[in-house]
Amino acid sequence: MTAMIEIRDLVKRFDDFTAVAGISLQVAKGEVLGFLGPNGAGKSTTMKMVTGFLDPTSGSIAVGGKDITRDPLAAKRLIGYLPEGAPAYPDMTPASLFAFVGSARGLDRATLKQRIAAVVAETHIGSVLEQPIETLSKGYKRRVGLAQAILHDPPILVLDEPTDGLDPNQKHEVRELIRRMKKNKAIVISTHILEEVEAICDRAIIVARGRVVAEGRPEGKAGGWRFGNVLAEPGRLDQAFRNITLGAAA
Amino acid sequence: MTGTLSVFRREFAGYFATPLAYIFIIVFLFVAGIFTFYVGSFFPRGQADLTPFFTYLPWLFLFLLPAIGMRLWAEERRAGTIELLLTLPISIAGAVIGKFLAAWAFAIVALALTFPLWITVARLGQPDHGVILASYVGAALMAGGYLAIAGCLSAVTRNQVIAFVVGVVICFLFTVAGSPLVLNFFTGWAPPSLVSIVAATSIITHFNAITLGVIDLRDVIYFVSLIAAWLAATVIVVDLKKAD
Ligand SMILES: Nc1ncnc2c1ncn2[C@@H]1O[C@H](COP(=O)(O)OP(=O)(O)OP(=O)(O)O)[C@@H](O)[C@H]1O
Ligand SMILES: [Mg+2]
């Protein structure tokens, strides 16, 4: 397996506050990594650095072999990103947003048209395509953000809380979508919904106060997960999460 | 510049997606008309030319263009879309230039819509069309300068009102830098070379020179450098402030 995302000793300081305090991790093609941790742990900050929005204070990030600080444009071409809160231009319609993102990503007319049709079908937003984004409900806005992220069919996907605010049916749909896409992609998703980790992740990392405090994988046929010496029963990831993160805070 | 064209197209279309553009254009044309025909004592002067219009134009731009420039970056940061924008494979310089060019093109559209003034004076008398054309070119360059300044200040804060007020103040300082009021403040204590540098940064001095009917290369270079310097500053400010 080749690492599509490779993070080494990543540190981010805001003035004298350290939000990310030395994170190293790798994500391979065909893998979905769950990025977990309490509020303020540094998940979004890490994702903002991986996608080239924030510059790391120190450490290195390579995506698809391209260094994000030395070769940012090449690296950014490989990434699809759903930022936290799914920001989008309020007075644009999803259709015009896709046209803009597609053109900035260098898709030609025919490809763009075909990709828009594909992502609209996959995220079920056909009915709101010509409606200003500011008038969309939270869930639709999130789906538009997700559609925008996968528009260029990128080999790397970074999704910050992709199912936040979605109804149960849509949560299910998005998980199915991620499962379908993962074969050819390296995917990182942050989430507070632990059943989602069990449903779609191949591996999970728990961060607290800017550090990786545990790494877990599914274990056994029944669907349990093991984080170091903490074993979570199927459906009981929340308890393991509590033990690990509260233990780390102590 | 990577992304300039995509950003330009999005921004330029954006002006006409909201009533803002139309309101701006209507206000601009209305006030320009008032200045030209009433405040500028067009009829008493008995001269069919656009001198009154171009005399008041810098003062009109001074207030109206920061209203266009204030949203360029402040809005991106407030809505969080800057994160979307800067994680696309485009350079910050490309985005800065694309946004600036869109704002500038919009200002030029507004300026071009004052053509009925030109037609009016052409029907009333024999104006010097060369002078008017040169003045329009100068006005377009001047608009670029004001927009570059206002756009940079909009990158400093996410608050559009602050961006507007500070934008007007800085535009004002650049406008009047050559006036006796400002120069008297410097003469006496500052070295004469500094005084002449301050005088040379005046927007109004360069604009007035062009409205005499000759587009001097030095005036063009002045406006182009003014725009380039403020755009370069914008790139730096956007990069520094994008996170907060
Ligand atoms: N621009 C900034 N300036 C100062 N501090 C910041 C900035 N951005 C983030 N932080 C701080 O860094 C820490 C990590 O924030 P981050 O958004 O990465 O957390 P998170 O793990 O995504 O949390 P959540 O689960 O709530 O989304 C927080 O304490 C936050 O206040
Ligand atoms: Mg977060």
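Use the structure listed above.
In this numbering scheme, every chain counts its residues from 1 along its sequence in written order. Written order determines the labels here, with chains lettered from A and ligands numbered from 1. Note on the predicted model: pLDDT of at least 70 is required for a residue's local features to be given, and 80 or more for side-chain atom pairs to be given and counted; whole-chain, interface and lining totals, by contrast, use all residues. Water and hydrogen atoms play no part in the side-chain values, which are based on all heavy atoms of the structure.

Draft legend 1. View of the interface of chain A and chain B. Contacts: residue pairs with any heavy atoms within 4.5 Å of one another. With 23 residues of chain A at the interface, the matching set in chain B holds 23 residues. Interface area for chain A against chain B, summed over the two sides, is near 2200 Å², with a carbon-plus-sulfur share of 67%. For this document, the term salt bridge refers to a Lys or Arg side-chain nitrogen within 4 Å of an Asp or Glu carboxyl oxygen. For the pair chain A and chain B, the interface holds 2 salt bridges. Measuring nitrogen to oxygen at the nearest pair gives 3.8 Å for the salt bridge that ties D55(A) to K242(B). We define a polar contact as two N or O atoms separated by no more than 3.5 Å, with the added condition that, inside protein, one atom must be a possible hydrogen donor and the other a possible acceptor, whereas residues neighbouring each other in sequence contribute only through side-chain atom pairs. Along the contact surface separating chain A from chain B lie 7 residue pairs in polar contact (both at pLDDT 80 or more). Runs of H or I in DSSP of at least four residues are treated as helices and runs of E of at least two as strands, each being numbered from the N terminus. Counting residues per element, the ones that place at least two in the side of chain A that touches chain B are α2 (72–77) and α3 (94–104) of chain A. Buried area is calculated as the accessible area (1.4 Å probe) missing from two parts once they are joined, with the contributions of both summed.

Draft legend 2. Fine view of the pattern of salt bridges. According to the stated counting rule, one finds 22 salt bridges over all chains in the structure shown. When the shortest N-O distance is used, the salt bridge between E219(A) and R226(A) registers 2.9 Å. For E219(A), a relative accessible area of 34% corresponds to the partly exposed category. A relative accessible area of 30% means that R226(A) is categorised as partly exposed. Via salt bridges that share partners, R10(B), E11(B), E76(B) and K99(B) belong to a single interconnected network. Relative accessible area decides the class of each residue, using a 1.4 Å probe on protein chains only: under 20% of the type maximum gives buried, over 50% gives exposed, and in between gives partly exposed.

Draft legend 3. Local environment of the site of ligand 1. Residue and element names in this part refer to chain A. Residues are classed as near a molecule or strand on a simple rule: at least one heavy atom within 4 Å of it. Around ligand 1 lies a shell of 15 residues, among which K43, S44, T45, E84 and H192 are the nearest. One of the side-chain nitrogen or oxygen atoms of S44 is found 2.7 Å away from an oxygen atom of ligand 1. Listed by contribution, the elements that provide at least two residues to the shell around ligand 1 are β2 (17–28) and α1 (43–50). Gly is put with the polar residues, along with every residue not named as nonpolar or charged; the nonpolar set is Ala, Val, Leu, Ile, Met, Phe, Trp, Tyr, Cys and Pro, and the charged set is Asp, Glu, Lys and Arg. Split into classes, the residues belonging to the shell around ligand 1 amount to 6 nonpolar, 6 polar and 3 charged.

Draft legend 4. How the structure looks around helix α6 (residues 168–181) of chain A. Residues and elements named next belong to chain A. A helix is expected to span 1.5 Å multiplied by its residue count minus one. Taking 1.5 Å per residue as the helical rise, α6 with its 14 residues ought to reach 20 Å, and the 20 Å between its terminal C-alpha atoms agrees with that figure. Among all positions in α6, only Q170, V174, R175, L177, I178 and M181 are buried. Angular distribution of buried residues about the axis of α6 spans 155°; they occupy a single face of the element. Away from its buried face by more than 90 degrees, α6 exposes P168 and N169. Residues of α6 that are buried sit in contact with β3 (31–36), α4 (109–123), α5 (138–150), β7 (156–160), β8 (186–190) and α7 (194–200). Its side-chain oxygen at 2.9 Å from the backbone nitrogen of N169, D167 defines the N-terminal cap of α6. Taking the helix axis as origin, the arc is that swept by the directions to the C-beta atoms.

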